[in-house]
Amino acid sequence: MIEKTISLNEIQKCRAINTNRTVKTQNQSNTVTDKLELAFTYYDKNKSNEIIEFYNNSFDGLALTDELLMVEKWEKIINTFISDKAKS
């Protein structure tokens with residue numbers, strides 16, 4: 001587990017990144033998720049995006065549980081916070 005602190009006062013937006021690929025078999029195509037991440041974009045364009053990884057197929061195995069829902073939930077919570085703060 002890695003801990004990372006990001007000051008949301010410096011963040012312009014947050015977005016979920018779902019990195020996936022299509023695996024074709026004889027009869028069908030399946031989408032395989034390789035990574036689920038949150039990317040934080042700073043107001044300061046000189047700072048590079050911060051990335052928080054929620055799921056990585058290389059380390060976490062093939063079965064996703066609720067990671068996609070969790071990433072989408074946090075993206076919404078963070079962007080609502082940022083939007084509300086900008087309005088005040």
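Described in the following lines is the structure provided in the data block. (Residues numbered from 1 in each chain as written. Predicted model: local features only at pLDDT ≥ 70, side-chain atom pairs only at ≥ 80, totals over all residues. Heavy atoms only, no water.)

Concerning the nonpolar core
Link 1 in the chain: Judged by nonpolar contacts, Ile6, Ile11, Cys14, Leu36, Leu38, Phe40, Tyr42, Tyr55, Val71, Ile78 and Ile82 together constitute the single largest core of 11 residues.
Link 2 in the chain: Going through the elements one at a time, strand S1 (11-24), strand S2 (29-42) and helix H2 (67-87) are the ones with two or more residues in this core.
Link 3 in the chain: No other element matches the 4 residues that S2 contributes to this core. (Core = buried A, V, L, I, M, F, W, Y, C linked by side-chain atoms within 4.5 Å. Buried < 20%, exposed > 50% of the residue type's maximum accessible area, 1.4 Å probe, protein only. Helix = DSSP H or I, 4+ residues; strand = E, 2+ residues; numbered from the N terminus.)

Observations regarding the side chain of glutamate 37
Link 1 in the chain: With respect to the helices and strands, glutamate 37 occurs in strand S2.
Link 2 in the chain: The side chain of glutamate 37 sits in the buried core without any salt bridge; lysine 35 is the nearest counter-charge, 4.2 Å away.
Link 3 in the chain: When neighbours within four sequence positions are excluded, glutamate 37 is seen to be in contact with Arg15, Ala16, Ile17, Thr19, Ile51, Ile52, Glu53, Phe54 and Val71. (Lys, Arg positive; Asp, Glu negative; His and termini not counted. Salt bridge = Lys/Arg side-chain N within 4 Å of Asp/Glu carboxyl O. Contact = heavy atoms within 4.5 Å.)

Regarding the pattern of salt bridges
Link 1 in the chain: Counted by the stated rule, this structure contains 3 salt bridges.
Link 2 in the chain: Lysine 47 is the salt-bridge partner of glutamate 10, the closest N and O atoms lying 2.7 Å from each other. Of this pair, glutamate 10 sits in the segment before S1 while lysine 47 sits in the loop between S2 and strand S3 (50-56), placing them 37 residues apart in sequence.
Link 3 in the chain: For lysine 47, a relative accessible area of 39% corresponds to the partly exposed category.
Link 4 in the chain: Aspartate 34 is the salt-bridge partner of arginine 21, the closest N and O atoms lying 3.0 Å from each other. Pair noted here: arginine 21 is in strand S1 and aspartate 34 is in strand S2, with a separation of 13 residues, a long-range link.

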